[in-house]
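# A structural walkthrough
Take a look at the letters that make up each chain.
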Amino acid sequence: MDRFSWTTGLLELGETLVVQQRGVRLSDGEEKVKFDSGVLLLSTHRLIWRDQKNHECCIAVPLSQIVFIEEQAAGIGKSAKIVVHLHPASSNKDPGPFQSSKYSYVKLSFKEHGQIEFYRRLSEEITQRRWESMPTGQAMQVNKDSQAGRIRAVGIVGIERKLEEKRKETDKNISEAFEDLSKLMEKAKEMVELSKSIANKIKEKQGDITEDETIRFKSYLLSMGIANPVTRETYGSGTQYHMQLAKQLAGILQTPLEERGGIMSLTEVYCLVNRARGLELLSPEDLVNACKMLESLKLPLRLRIFDSGVMVIELQSHNEEEMVAAALETVSEKGSLTADEFAKLEGMSVLLAKERLLLAEKMGHLCRDDSVEGLRFYPNLFLTQS
Amino acid sequence: MHRRGVGAGAIARRKLTEAKYKERGTVLAEDQLAQMSKQLETFRTHLQAFASKHKQEIRRSPEFRLQFQHMCAAIGVDPLASGKGFWAEVLGVGDFYYELGVQIIEVCLALRHRNGGLITLQELQQQVLKGRGKFAQDVSADDLLRAIRKLKVLGSGFGIIPVGGTALVQSVPAELSMDHTVVLQLAEKKGFVTVSEIRDSLKWETERAKQVLDHLLKEGMAWLDAQAPAEPQFWLPALFSELHGQDST
């Protein structure tokens, strides 16, 4: 921000206003400064910022000081921004609000929108460099720079041109991409319509469609990501794909399950499997649908859903109810335990530790003490000491 | 014997007629399915052509992804339903979101002990980007929200709670009712809330306010500052990073 100078804000002779935008905040690199709310003006020669509340407070920087500019898209709670990278301040620059700055760029935050248009206009002005052909008082000052300065400027012009070309090509690519996207979606829409009409015909026929054909239809819907119009599921449970996947999972998960005491949460499984794959990852729905088929395919794993909604995969040989008996012993030894403490002792995830303690409670072996200190479990003495 | 013959014959004839009807019905469905199968292949070709030109754009540009998602939703297509779908296989859009899902799960797990399973969307974004490293693609808030919505189906309590202009992400299976959500929204402004504030802003009885705050304390989503000057303050660790700058971990 040390490249800015105080100014009256009045345009010089030969300088024209291009565009202006209210509600713009100026930042020195990553740091907020007191230029919170102002009108940003773009002229053929300068970028001018004037405080909305105090019109006397007005600063500007010559466009010739700009190396290049970038856009930052808006996010939730964040305005769209333009980042303006600047040359170092020239030695004969007019005084401004900052003597020095550790950043060589400033950020313009567009709190009341207008970023897109402003960016476009600013890009144009930087490319056209109209200030060179329309000398004003200010422009003359810049030309007073030394030879070295001018040589540097020429080199920078080459870089700027390249960047501008790249930007134009990116812009062109993006508009082409959007056009192609629209055309693609038109075709996808046709597929959706077709699947609806088939679903209707199936409904009319009422059971005159074979199971084979139902499976085929479901797999077509799966390919397109279309919700099954009959059952409203977005997946085709019972497709070949999910059956194969279930068998694969049984193979992949055997050892990890044994290493983890026979039980894993579905989120753990999701991470494990996808990290191992690296590419062609499973969607969460793929995983759930495959796991739902484990039992019917008589595989050595099964899906279990606790009362809380937590979903786990267990080895068939795993018996959670037996684990509860062991948990009761552990809790009795310690007097009482929270889920966190129990998890640490057993080397389990807190999620599964809590489920085991809750199950033990459900089975009557443990009692809870629910206070603001946390949820603590005690052996159920009501049951054992009668 | 004569009667039985007639009976058997009638049954046999009926079966034949039924079979014929079934056949016709099957033939009709068969036609439609064959047509769909062909059109699917054609569509896949179009998608491949699109992918060869613009696959990079999907991975590189959050704006393009957003536009893509909107258009899919508009025509009734879920490109993230399955890794086996065309969109994932050909366009690679699945891998982007499913991998993001893994990263989100890992960040939430790592910070759970500190914030009780509640984290702001901003902090989640920062931590995920940090984990992805310098050369990874940018991830927008919209990307995170879509990935989280898909994670819900795994049953471990992933959810999105709108607060202020943004959102809190829940990653534990704790029951959070409307009452809890409203108090979280109230606390978002300063990072903490008091019983008086709840009474004044929401016009609740003290008992109702206390119940909600107790629940948040028990879940580890709120911490109690009993030493605060006027009255006890209930702080949300999920909002700490916002107030005190980035965590060094």
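The structure we're discussing is the one just above.
Below you will find a few notes about this structure. Values in this document were obtained by computation on a predicted structure and should not be read as measured data. (Residues numbered from 1 in each chain as written. Chains lettered and ligands numbered in written order. Predicted model: local features only at pLDDT ≥ 70, side-chain atom pairs only at ≥ 80, totals over all residues. Heavy atoms only, no water.)

## Here we look at the sheet that holds strand S6 (residues 233-235) of chain B
Hydrogen bonds between backbone atoms are what pair the strands of a sheet, whose relative direction is either parallel or antiparallel. Residues and elements named next belong to chain B. Spatially, S4-S6-S5 is the arrangement adopted by the 3 strands of the open sheet, whose pairing is antiparallel. Looking at which strands have only one partner, the edges of the open sheet turn out to be strand S4 (192-193) and strand S5 (223-225). Bridge count for S4 against S6 is 2 bridges, and the pairing is antiparallel. Pairing of phenylalanine 192 across the sheet is with tryptophan 235, part of S6. (Pairing = 2+ DSSP bridges. Helix = DSSP H or I, 4+ residues; strand = E, 2+ residues; numbered from the N terminus.)

## What to know about helix H6 (residues 240-259) of chain A
Residues and elements named next belong to chain A. Look at H6: 30 Å from first C-alpha to last across 20 residues, which is about the 28 Å you get at 1.5 Å a residue. Along H6, the residues classified as buried are Tyr241, His242, Leu245, Ala246, Leu249, Ala250, Leu253, Pro256 and Leu257. Buried residues along H6 sit in contact with helix H5 (211-224), strand S10 (263-265), helix H7 (266-277), helix H8 (284-292), strand S11 (301-305) and strand S12 (311-315). Positive phi appears at glycine 261, one or two residues downstream of H6, with a value of about 75 degrees. (Expected span 1.5 Å × (residues − 1). Buried < 20%, exposed > 50% of the residue type's maximum accessible area, 1.4 Å probe, protein only. Contact = heavy atoms within 4.5 Å.)

## Details of the side chain of aspartate 180 of chain A
Its location among the elements puts aspartate 180 of chain A in helix H4 (residues 147-205). Judged by its relative accessible area of 15%, aspartate 180 of chain A is buried. With near-sequence residues (within four places) excluded, aspartate 180 of chain A lies in contact with Phe50, Lys53 and His54 of chain B.

## Points about the pairing of S12 of chain A
Residues and elements named next belong to chain A. The element S12 is extensively covered by neighbouring structure, given that 5 of its 5 residues are classed as buried. Of the two faces of S12, both are covered, the one formed by Met311, Ile313 and Leu315 as well as the one formed by Val312 and Glu314. Where S10 and S12 come together, 3 bridges link them in antiparallel fashion. When the bridges of S12 are listed, isoleucine 263 appears paired with glutamate 314.

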